[in-house]
Amino acid sequence: MHKDRPFYDELCSFMCSGPIVVQVFEAEDAIKRNRDVMGATNPAEAAEGTIRKMFAESFTGNSVHGSDSLENAKKEISFFLCRR
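Residues numbered from 1 in each chain as written. Predicted model: local features only at pLDDT ≥ 70, side-chain atom pairs only at ≥ 80, totals over all residues. Heavy atoms only, no water.

Undergrad: Is there a simple way to think about the pattern of salt bridges in this case?
TA: Opposite charge on two side chains allows them to pair when their charged atoms are near. One pass over the structure, following the stated rule, counts 2 salt bridges. Where Lys 32 meets Asp 36, a salt bridge forms, and the shortest distance between an N and an O atom there is 2.7 Å. Here Lys 32 and its partner Asp 36 are both found in helix H2 (residues 30-38), 4 residues apart, which amounts to about one turn of the helix. We note a salt bridge from Lys 75 to Glu 71, for which the minimum N-O separation is 3.8 Å. Placement of both Lys 75 and Glu 71 in helix H4 (residues 70-81) is noted, with a separation of 4 residues, approximately one turn of the helix. (Salt bridge = Lys/Arg side-chain N within 4 Å of Asp/Glu carboxyl O. Helix = DSSP H or I, 4+ residues; strand = E, 2+ residues; numbered from the N terminus.)

As structure tokens, this is what we get:
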């Protein structure tokens, strides 16, 4: 979904640089609640105590990803957990 954005190559490089942990949350308002815990995409704008504020290296190396919609969550869950 980000392939036409200027940061795509750097993002891909970071995402492939090491192992990942995939989690799927199922709850009322799970996407919003998870995004609140993660913090703003730009770590410089993330609230204190959020994952990105505490652990991000940069905008593209922001240490955590979370789906922004149910549609994207379904695509991403399928990509990471249902590959054969």
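Next comes the rest of the description.
Undergrad: Just to check I follow, could you spell out a nonpolar patch on the surface for this structure?
TA: The grouping of Ile 20, Val 22, Val 24, Ile 77, Phe 79, Phe 80 and Leu 81 at the surface amounts to a nonpolar patch, some 590 Å² of accessible area in total. Mapped onto the secondary structure, Val 22 falls in the loop between helix H1 (8-15) and H2. With relative accessibility at 37%, the residue Val 22 sits in the partly exposed group. (Patch = residues over 30% accessible without salt bridge, like charges linked within 9 Å, V, L, I, M, F, W, Y side chains within 5 Å. Areas by Shrake-Rupley, 256 points an atom, 1.4 Å probe, with all protein chains shown as cover. Buried < 20%, exposed > 50% of the residue type's maximum accessible area, 1.4 Å probe, protein only.)

Undergrad: For this particular structure, what's the right way to read the layout of surface pockets?
TA: Regions of empty space are outlined by a rolling probe, equal in size to a water molecule, passed over the atoms. Volume-wise, the largest pocket comes out at about 1800 Å³. The wall of the largest pocket is formed by 47 residues, among which His 65, Gly 66, Ser 67, Glu 76 and Phe 80 lie closest to the centre. When residues in the lining of the largest pocket are grouped by element, the largest group, 8 residues, is from H4. Residues belonging to the lining of the largest pocket are distributed by class as follows: 26 nonpolar, 12 polar and 9 charged. (1 Å grid on protein atoms, 1.4 Å probe; cavity = no way out; pocket = protein on both sides within 12 Å on 5 of 7 lines; lining within 4 Å. Points joined across faces, edges and corners; volume = space filled by probe spheres on them. Nonpolar A, V, L, I, M, F, W, Y, C, P; charged D, E, K, R; others polar.)

Undergrad: What should I look at first to understand the confidence of the model for the protein chain in this one?
TA: Of the residues in the protein chain, 94% have a pLDDT of 70 or more, and the chain-wide mean is 87. Within the protein chain, no element has a lower average pLDDT than H1, which sits at 77, and none a higher one than H2, at 96. (pLDDT = per-residue confidence, 0-100.)

Undergrad: I keep staring at unusual backbone geometry and nothing clicks. Help me out?
TA: Trans is the prevailing form of peptide bonds, just as negative phi is the prevailing case for residues other than glycine. At Asp 29, a position not held by glycine, the phi torsion is positive, near 60°. Secondary-structure assignment places Asp 29 in the loop between H1 and H2.

Undergrad: For this particular structure, what's the right way to read H4?
TA: Because each turn of an α-helix spans 3.6 residues, side chains separated by three or four positions in sequence point in the same direction. The end-to-end C-alpha separation of H4 is 16 Å, in line with the 16 Å expected for 12 residues at 1.5 Å each. For H4, the full list of buried residues reads Asn 72, Ala 73 and Glu 76. In an axial view of H4, the angular spread of the buried residues amounts to 100°, which keeps them on one side of the axis. Relative to its buried face, H4 has exposed residues pointing more than 90 degrees away, namely Leu 70, Glu 71 and Lys 74. Residues of H4 that are buried sit in contact with H2. (Expected span 1.5 Å × (residues − 1). Arc of directions from axis to C-beta. Contact = heavy atoms within 4.5 Å.)

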